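Observations on the three-dimensional arrangement
Here is how the chains run, residue by residue.
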Amino acid sequence: MSHRKVSVIMGGTSSERQVSLASGEAVLAALTEQGVDARAIVLGPGDDALSMLAGADMDAAFLALHGKLGEDGCVQGLLELLGIPYTGSSVLSSALAMDKLKSKELFRLHNVPTPAYYVVDQDSAEQLADIHGSFGFPVVVKPRREGSSIGVSRANDLAQLTEAVELALAFDSSVLVERFVQAREVAVAILDGRVLGAIEIAPKSGMYDFAAKYTPGMTDYYMPARLPAARYRNVLNLAERAAEALDTSGAVRVDLLVTESQNEYVLEVNTLPGMTPTSLLPKIAGAAGYEFGELCLAILNGAKLHARKPERRATAEALTLPATPAAFELAEEASVVVRRYGAARRSQRSRTA
């Protein structure tokens, strides 16, 4: 599919804003070099994203957003409503992949191995010792809906666990406590359903945190991952199964752990992988024969609408319910239904209490 005018959407309001800007600028430069009429849309705090997207002159959107309100289905939903094809996964797949708890639940449903875990939120943090119980140490603590290893830390005892949970709760209202697995870190890239390969990540600090990810020289990379051929194929297959479990599409990166005892575990699936100079997807794609510009074009050519067929562009005004008497009547009827449903549920609970 060819697009006459393309907007590279970057920035956003998440803690990954700076990473998104770096990805977006790299993609914008590459598309321009490839002869694409590409322009930037930089979203930021306080911006009216709907008006900015609806008012832009574009045939397709290349999403270079990361984190909340960008990678989690929110912007994808706006683009669906506006009828603008976009890169990456659908609204639902994006939301599921961003939510580490829901991802793990789907992994387990599809028999995709993932490290043991439990969840702590702001209300239950005071009972952390009881919740943790005999779960054991060490553990890795993560905000439930963040990326780029932001707010992630390792805990070796209860005191460290308390601090780690407190840190993670600063980024999200819900936290994942995951059993630490001594293993190699491996990432697999998938493009439009085709597995491109696996890279091994060896951070010099011992933990692939934010600094190790985005500071040149802090991590060694081995492409392809240093695994026997049969096990390498198993890792690729497992990554493919994880991506299919979440029904992802476009360019996807799957992060895994590979142990010495012949076990593999999926950590998460990234539906909008980084496109910075140190990002893993371009490294893997490069080894598969894609120059960076060619990779960007391949991702762009996969831009589409997932919830409906392409049709006439909607506008911000068209998406706003007109304030007519009929509209107010509809809203009132809906409100009555909701109130009745709520009353029925309360009555049912009181009878079974």
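A short tour of the structure in this document, coming up. In this text, all values refer to a predicted model and were calculated from it rather than measured experimentally.

1. Section: the sheet that holds strand β5 (residues 139-143)
Here four strands make up an open sheet; going across it, the order is β4-β7-β5-β6 and the pairing antiparallel. At either margin of the open sheet sits one strand with a lone partner, and together these are β4 (117-121) and β6 (153-155). In this sheet, adjacent strand axes meet at a mean angle of 30 degrees when their direction is disregarded. Of the strand pairs in this sheet, β5 and β6 are connected by three bridges, and their pairing is antiparallel.

2. Some details on helix α9 (residues 229-245)
Taking 1.5 Å per residue, 17 residues should reach 24 Å; α9 reaches 25 Å between its end C-alpha atoms and fits that length. Looking only at α9, the buried set comprises R231, Y232, V235, L236, L238, A239, A242, A243 and A245. For α9, the elements touching its buried residues are α5 (100-109), β8 (184-191), β9 (194-203), β11 (251-258) and β12 (264-270). Of the residues flanking the end of α9, it is D247, one or two places downstream, whose phi is positive at about 55 degrees.

3. A short note on the side chain of D72
Among the secondary structure elements, D72 is positioned in the loop between β3 (60-63) and α3 (74-82). At 7.4 Å, R145 is the nearest oppositely charged side chain to D72, a buried residue that forms no salt bridge. A polar atom in the side chain of D72 sits 3.3 Å from the backbone nitrogen of C74. Excluding residues within four positions of it along the chain, D72 makes contact with G67, V91, S94, A95 and M98.

4. Regarding the side chain of D255
Locating D255 in the fold gives a position in strand β11. With relative accessibility at 13%, the residue D255 sits in the buried group. Ignoring any residue separated from it by four or fewer positions in sequence, one finds D255 in contact with V186, A187, Y265, V266, L267, E268 and N270.

5. Let's talk about the sheet that holds β8
Pairing is antiparallel in the open sheet, where five strands are placed in the order β10-β9-β8-β11-β12. The sheet is open, and its two edges are formed by β10 (219-222) and β12, each paired on a single side. For this sheet the average axis-to-axis angle between neighbouring strands, irrespective of direction, equals 25 degrees. For β9 and β10, the ladder comprises four bridges, and the chain directions are antiparallel. When the bridges of β10 are listed, A202 appears paired with D220. Packed onto the sheet, helix α10 (residues 280-287) meets β8, β9, β10 and β11 and runs at close to 125 degrees relative to β9.

6. Topic: the nonpolar core
Ranked by size, the top nonpolar core spans 32 residues in total, and within it L31, F62 and I299 carry the most contacts. With five residues, helix α11 (residues 292-301) is the single largest residue contributor to this core. The residues touching I299, leaving out its near neighbours within four places in the chain, are F62, T87, L191, A251, M275 and L281. Membership of the second largest hydrophobic core comes to 25 residues, among which are A198, A225, A243 and L256.

7. As for the packing of aromatic side chains
Applying the stated criterion to the full structure yields one aromatic pair. An angle of 85 degrees between the planes, with centres 5.1 Å apart, marks the rings of Y118 and F135 as edge-to-face. One end of the pair, Y118, is in strand β4; the other, F135, is in the loop between α6 (128-132) and β5, and 17 residues separate them in sequence. Take Y118: its relative accessible area is 11%, and that puts it in the buried class. Over the ring of F180 we find R154; its NZ or CZ atom is 4.1 Å from the centre of that ring. Directly above the aromatic system of F135 lies the positively charged group of R179, at a separation of 4.3 Å from the ring centroid.

8. A few points about the packing of helix α1 (residues 17-33) against α11
In the contact formed by α1 and α11, the axes pass within 9 Å of each other and the chain directions differ by 95 degrees. Comparing the axis directions of α1 and α11 gives the class roughly perpendicular. Only F292, G293, C296, L297 and L300 of α11 make contact with α1, whose side of the interface consists of A26, V27, A30 and L31. Looking at side-chain class alone, the contact of α1 with α11 contains eight nonpolar, one polar and no charged residues.

9. Quick word on the pattern of salt bridges
Any two side chains of opposite charge can pair, on the condition that their charged atoms come close. For the structure shown, the criterion picks out 17 salt bridges. With its nearest N and O atoms 3.7 Å apart, the salt bridge here joins R145 to D99. Taken together, the positions of R145 in the loop between β5 and β6 and D99 in the loop between α4 (91-98) and α5 put the pair 46 residues apart, joining distant regions of the chain. Note on D99: relative accessible area 9%, which makes it buried.

10. Description of the environment of S174
Along the polypeptide, S174 turns up in strand β7 (residues 174-179). For the pair S174 and V119, spaced 55 residues apart in sequence, the C-alpha separation works out to 7.0 Å. Look past the residues within four positions of S174 in its chain and what remains in contact with it is V119, V120, D121, P143, R144, R145 and L169.

The rules behind these values
- Residues numbered from 1 in each chain as written.
- Predicted model: local features only at pLDDT ≥ 70, side-chain atom pairs only at ≥ 80, totals over all residues.
- Heavy atoms only, no water.
- Pairing = 2+ DSSP bridges.
- Helix = DSSP H or I, 4+ residues; strand = E, 2+ residues; numbered from the N terminus.
- Axes fitted to C-alpha atoms, helices over the stretch in contact; angles between N-to-C directions.
- Expected span 1.5 Å × (residues − 1).
- Buried < 20%, exposed > 50% of the residue type's maximum accessible area, 1.4 Å probe, protein only.
- Contact = heavy atoms within 4.5 Å.
- Lys, Arg positive; Asp, Glu negative; His and termini not counted.
- Salt bridge = Lys/Arg side-chain N within 4 Å of Asp/Glu carboxyl O.
- Polar contact = N/O pair within 3.5 Å; in protein donor to acceptor, adjacent residues only side chain to side chain.
- Core = buried A, V, L, I, M, F, W, Y, C linked by side-chain atoms within 4.5 Å.
- Phe/Tyr/Trp six-rings, centres within 6.5 Å; stacked < 30°, edge-to-face > 60°.
- Lys NZ or Arg CZ within 6 Å of the ring centre and 35° of its normal.
- Parallel < 35°, antiparallel > 145°, perpendicular 65-115°, else oblique.
- Nonpolar A, V, L, I, M, F, W, Y, C, P; charged D, E, K, R; others polar.

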